[in-house]
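Structural overview for review
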Amino acid sequence: MADYSIFVLGESQMTISGGQQLDGVTQGDGSHLVGQTITFNSRSATEVFITDVGADTDFSDNDGNQRLDGDQIIDGTLYSSGTQVEAEYGITLTDGTNTWQAIGFNLNNSSPSFGTIEGLAFIGGPGNFPPVGVPLTVVSAQEGPNFDSSDYVTPICYGPGTLIETERGPVAVEDLVVGDRVWTLDDGLQPVCWVGRQSVIAAGRFRMVTIPAGTLGNTAPLCVSQQHRLLIAHPSVELMFGLDQAFVPAISLVDAGGASLSAARTVTYHHFMLDRHAVVRANGALSESLLVSAAQSGTPDALFFPELDGAATMAIARPALTRREGAILMRGIMNVDREPGLIHTAHN
């Protein structure tokens, strides 16, 4: 079995033009939505927990192995554990400049099975939810989506107590204030322009990753969200991916056996933003500041920090590997470097 989760915006959280609904009225291919606009009224996505008895982590169309893991309320309706779910169709939305890839989330409890689509999930990096209140045009529809669960949006933050290197020495992330100057690998000291925090129940994708001291040159255990990225600079990065350095999500270290998921039941996540995305030091490890990507259309990490709506977009400081790529890389590195502290070689 494989267990994972997908964040879903329910149909009641959006307005569709032309009197249309998400329901798969055209053989579940989504083509009835092409040319219509969808306006999202909320970013409060529901985390849907799924188990796959076929033991793969792809959330797909026409996969009878995908079932709800426990009774769950989705868009105001209670569904029983074991209800079959699938990714019914894909649609691409645009505001004229930026695009978003959405997946029709289908609880397979109707006849025909594609008859009801209860919400939309989104493909992309952390926080890649579309903006609220902006009519987005559906420009295309796709049949048979098949994306790994790690390709869907996730939060990205630091756990409390993480020491960020600043002009005045290491400072706990929760104590950073606007104006503090943070050490960056590329641009020296840079001022903090925003700080934020959000308390959550630490379940599913909200569980923290704990990276043991020494794993990435960190001087103490490092606790971050699953999709928080760490910089890896090692000969294996070039050997496997043709890059000098690359970001990997923290969950990749769990997959590779180099880190673990925390047992904490609640957590307050913290983050900070600089004028540009940067490599910073967190407990001595090379990590990242908050990224506002072009794909996010000014909604960085929208699930946690909607107050950042409208922030200027940024270029990512280094190429980023996917979860699977990161896990392959980290397994390879750990097979070569069995002593702690040998993974990071980029220092300034």
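Residues numbered from 1 in each chain as written. Predicted model: local features only at pLDDT ≥ 70, side-chain atom pairs only at ≥ 80, totals over all residues. Heavy atoms only, no water.

Turning our eyes to something else, we now look at the overall build of the protein chain. If you tally the helices and strands in the protein chain, you get three helices and 26 strands. Residues classed as buried in the protein chain amount to 55% of the 348 residues present. Put simply, 66% of the contacts in the protein chain that link residues at least 6 apart link residues at least 24 apart. Taken as a whole, the protein chain presents about 13500 Å² of accessible surface, with 50% of it coming from carbon and sulfur. (Helix = DSSP H or I, 4+ residues; strand = E, 2+ residues; numbered from the N terminus. Buried < 20%, exposed > 50% of the residue type's maximum accessible area, 1.4 Å probe, protein only. Contact = heavy atoms within 4.5 Å. Areas by Shrake-Rupley, 256 points an atom, 1.4 Å probe, with all protein chains shown as cover.)

Looking at where Asp 244 falls in the secondary structure, it is placed in the loop between α1 (235–241) and β22 (246–249). Among the residues examined, Asp 244 registers a relative accessible area of 63% and is labelled exposed. Expressed as a C-alpha distance, the spacing of Asp 244 and Arg 318, which sit 74 residues apart in the sequence, is 9.5 Å. With residues near it in sequence (within four places) discarded, Asp 244 still touches Ile 232, Ala 233, His 234, Val 237 and Glu 238.

Two measures describe an aromatic ring pair: the distance that separates the ring centres and the angle between the ring planes. Under the criterion given, the structure shown has four aromatic pairs. Within the aromatic cluster, the residues linked to one another by ring pairs are Phe 59, Phe 105 and Tyr 152. The aromatic ring of Trp 183 is capped on one face by Arg 281, whose charged end is 4.1 Å from the ring centroid. (Phe/Tyr/Trp six-rings, centres within 6.5 Å; stacked < 30°, edge-to-face > 60°. Lys NZ or Arg CZ within 6 Å of the ring centre and 35° of its normal.)

We now examine a nonpolar patch on the surface. A cluster of nonpolar side chains, namely Leu 239, Met 240 and Ile 328, defines an oily patch on the protein surface of about 320 Å² accessible area. By secondary structure assignment, the location of Ile 328 is in helix α3 (residues 323–336). (Patch = residues over 30% accessible without salt bridge, like charges linked within 9 Å, V, L, I, M, F, W, Y side chains within 5 Å. Salt bridge = Lys/Arg side-chain N within 4 Å of Asp/Glu carboxyl O.)

In this section: the pairing of strand β12 (residues 136–143). Judged from the two bridges that link them, strand β3 (residues 37–40) and β12 form a sheet pairing that is antiparallel. Within β12, the position partnered with Thr 37 by the bridge is Thr 137. Judged from the six bridges that link them, strand β9 (residues 85–94) and β12 form a sheet pairing that is antiparallel. The partner of Tyr 89 across the bridge, within β12, is Glu 143. (Pairing = 2+ DSSP bridges.)

To continue, consider the sheet that holds strand β20 (residues 222–224). Ordered by their spatial adjacency, three strands build an open sheet running β20-β19-β23, and the pairing between neighbours is antiparallel. Whereas interior strands pair on both sides, the edge strands pair on one side only; in this sheet they are β20 and β23 (260–261). Of the strand pairs in this sheet, strand β19 (residues 209–211) and β23 are connected by two bridges, and their pairing is antiparallel. Within β23, the position partnered with Val 209 by the bridge is Leu 261.

Once that is clear, we can look at the side chain of Ser 5. As for its placement among the helices and strands, Ser 5 is situated in strand β1 (residues 2–10). Among residues more than four places away in sequence, those in contact with Ser 5 are Glu 47, Val 48, Phe 49 and Arg 205.

Here the focus is the pattern of salt bridges. Per the stated rule, a full pass over the model turns up eight salt bridges. Salt-bridge contacts for Arg 181 lead to Glu 167; the nearest nitrogen and oxygen are separated by 2.7 Å. Placement of Arg 181 in strand β16 (residues 181–184) and of Glu 167 in the loop between β14 (163–166) and β15 (169–172) is noted, with a sequence separation of 14 residues between them. By relative accessible area, which is 35% here, Arg 181 ends up partly exposed. The shortest N-O distance in the salt bridge between Asp 180 and Arg 168 comes to 2.9 Å. Of this pair, Asp 180 sits in the loop between β15 and β16 while Arg 168 sits in the loop between β14 and β15, and the two are twelve residues apart along the sequence. With a relative accessible area of 9%, Asp 180 lands in the buried category.

The subject of this paragraph is the sheet that holds β1. Pairing within the open sheet is antiparallel, and its nine strands lie in the order β2-β3-β12-β9-β10-β11-β1-β4-β6. Among the strands making up the open sheet, the edge pair consists of β2 (14–16) and β6 (66–68). Across the sheet, the mean angle from the axis of one strand to that of its neighbour is 45°, orientation sign disregarded. Bridging between strand β10 (residues 99–107) and strand β11 (residues 119–123) involves five bridges; their strand directions are antiparallel. Of the residues in β11, the one forming a bridge with Phe 105 is Gly 119. (Axes fitted to C-alpha atoms, helices over the stretch in contact; angles between N-to-C directions.)

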